Amino acid sequence: MSEAFTKSGTSIPFIGLGTWDMQGSTCSSIVQEALEMGYRHIDGASMYENESEVGKGLSDSGVDREEIFITTKINTTSWTPSRGNGPPLQNKDIVKHFEKSLKDLQTDYVDLLLIHWPKFETNLSDMLEILYKLKDAKKIREVGVANFNSHLVNECISLGFKDIYCDQVEYHPFLSQAKLLEVMQDFEIIPVAYCPICRGDVARHDVILSLSEKYSKTPAQIALRWLYQQKVVSIPKTENSYRLRENIDIFDFEIEYKDMLEIYSLERNQRLVPNLEINELEYPFD
């Protein structure tokens, strides 16, 4: 895969493999298979409790580390699937938690480290300072955020952190992110879409099905191409080999402008990932 978006000298492939809710040997084998197939972007997180399995897949693939774009995330909420809510993450423990991620991933650095959710022991500035020190130490190449609304993106900039690499948020044809995308564009922050095919819901909509027939592509490919033409990076998750190949086969066609607009019109404020109960200015969503 050669299609990538480059910012500040760092290139992020437009299509990556999401690893949420993948466990055990299935996780390792699908990461390995994706890399052998041509994927060069793997998205993970300490919250997912599978970084050792992701690391095994990375290692077993035999692909040179320098060729792979690896993302992980700091679990600021301390929630995990196996244990539910945990004790709040203390600033003094962030580096220790990150070093465990590096060990599990079997790498000396990651290409992108994100604040997974905007929940802080003290404040956003303190958290970003810690992450940028890791960047200075060359443990990470870029610093980004996830699930930040437009207010928080603006706060990053006002605090002086003007080189935030990306904001990873839920985005698909049934959820408009127009306000947030406009802010990201103003500050040249890369949008990264999780749940880009709405966990399969795109395959159940008549408009998407009609466009699928028109372009001789699957509904998932229509949705991913729609995002690509907006210069949005996508990280679809699948454990199916056929779907894995399908998701990266989107670079040989173009959706016409009128069809792009028709997909935009499908917005129905459908969110798959719920908000957390925090002050609305400090938390998603716009």
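These numbers come from a predicted model, not from an experiment.

Q: Looking at this model, I keep getting lost on the pairing of strand 1 (residues 4–7). Mind explaining?
A: Both faces of the sheet carry side chains from a regular strand, because those side chains alternate between them. Pairing of strand 1 with strand 2 (residues 10–13) involves 4 bridges; the strand directions are antiparallel. Looking at the pairing, Lys7 lines up with Thr10 of strand 2. The turn joining strand 1 and strand 2, which pair antiparallel and follow one another in sequence, is formed by 2 residues; a positive phi near 55 degrees is taken by Ser8.

Q: I keep staring at the pattern of salt bridges and nothing clicks. Help me out?
A: Side chains that differ in charge, positive against negative, can pair when their charged atoms come close. Counted under the stated rule, the structure contains 21 salt bridges. Put simply, Arg141 and Asp111 hold a salt bridge, and the shortest N to O gap is 3.1 Å. Pair noted here: Arg141 is in strand 7 (residues 140–146) and Asp111 is in strand 6 (residues 110–115), with a separation of 30 residues, a long-range link. Classification of Arg141 as partly exposed rests on a relative accessible area of 34%. We note a salt bridge from Asp163 to Lys135, for which the minimum N-O separation is 3.5 Å. Within this pair, whereas Asp163 is found in the loop between helix 5 (150–158) and strand 8 (166–170), its partner Lys135 is found in helix 4 (residues 124–136), the two being separated by 28 residues in sequence.

Q: Just to check I follow, could you spell out the sheet that holds strand 9 (residues 190–194) for this structure?
A: Paired through backbone hydrogen bonds, the strands of a sheet run either parallel or antiparallel to each other. In space, the 8 strands of this open sheet follow the order 3-4-5-6-7-8-9-10, with parallel pairing throughout. At either end of the open sheet lies a strand with only one pairing partner, and these are strand 3 (17–18) and strand 10 (233–234). One ladder, built from 5 bridges, connects strand 8 with strand 9; its direction is parallel. Paired with Glu170 across the two strands is Tyr194, which belongs to strand 9. Of the strands in this sheet, strand 5 (69–74), strand 6 and strand 7 touch helix 4, which is tilted by about 155 degrees from strand 7.

Q: When you look at helix 4 in this model, what are you seeing that I'm missing?
A: Owing to its 3.6 residues per turn, the α-helix aligns residues three or four sequence positions apart on the same side. Compared with an ideal rise of 1.5 Å per residue, which puts 13 residues at 18 Å, helix 4 spans 18 Å between its outermost C-alpha atoms and is within 8% of the ideal. What helix 4 keeps buried is the set Leu124, Met127, Leu128, Ile130, Leu131, Tyr132 and Leu134. Check the buried side of helix 4 and you find it contacts strand 5, helix 3 (94–105), strand 6, strand 7 and helix 5. Of the residues that open helix 4, the one with a side-chain oxygen 3.2 Å from the backbone nitrogen of Ser125 is Asn123. The positive-phi residue at the C-terminal boundary of helix 4 is Lys138, with phi of around 65 degrees.

Q: How should the packing of helix 1 (residues 24–37) against helix 2 (residues 51–61) be read in this particular structure?
A: Two packed helices can be described by the angle between their axes and the distance between those axes. Where helix 1 meets helix 2, the closest approach of the two axes is 7 Å, and the angle between their N-to-C directions is 35 degrees. As helix 1 packs across helix 2, the resulting crossing turns out to be right-handed. When helix 1 is examined against helix 2, the residues Gly24, Cys27, Ser28, Val31, Gln32, Leu35 and Glu36 are found in contact with a partner set consisting of Glu53, Val54, Lys56, Gly57, Leu58, Asp60 and Ser61.

Q: Looking at this structure, how should I read the environment of His205?
A: If you trace the backbone, His205 turns up in the loop between strand 9 and helix 7 (206–215). C-alpha separation for the pair His205 and Leu266, spaced 61 residues apart in sequence, amounts to 9.1 Å. Apart from the residues within four sequence positions on either side, His205 is in contact with Phe174, Leu266 and Arg268. In terms of polar contacts, His205 uses its side chain to reach the backbone amide nitrogen of Val207, at 3.1 Å.

Reading the values: rules and limits
- Residues numbered from 1 in each chain as written.
- Predicted model: local features only at pLDDT ≥ 70, side-chain atom pairs only at ≥ 80, totals over all residues.
- Heavy atoms only, no water.
- Pairing = 2+ DSSP bridges.
- Helix = DSSP H or I, 4+ residues; strand = E, 2+ residues; numbered from the N terminus.
- Salt bridge = Lys/Arg side-chain N within 4 Å of Asp/Glu carboxyl O.
- Buried < 20%, exposed > 50% of the residue type's maximum accessible area, 1.4 Å probe, protein only.
- Contact = heavy atoms within 4.5 Å.
- Axes fitted to C-alpha atoms, helices over the stretch in contact; angles between N-to-C directions.
- Expected span 1.5 Å × (residues − 1).
- Polar contact = N/O pair within 3.5 Å; in protein donor to acceptor, adjacent residues only side chain to side chain.
- Left-handed = near helix turned anticlockwise from the far one by under 90°.

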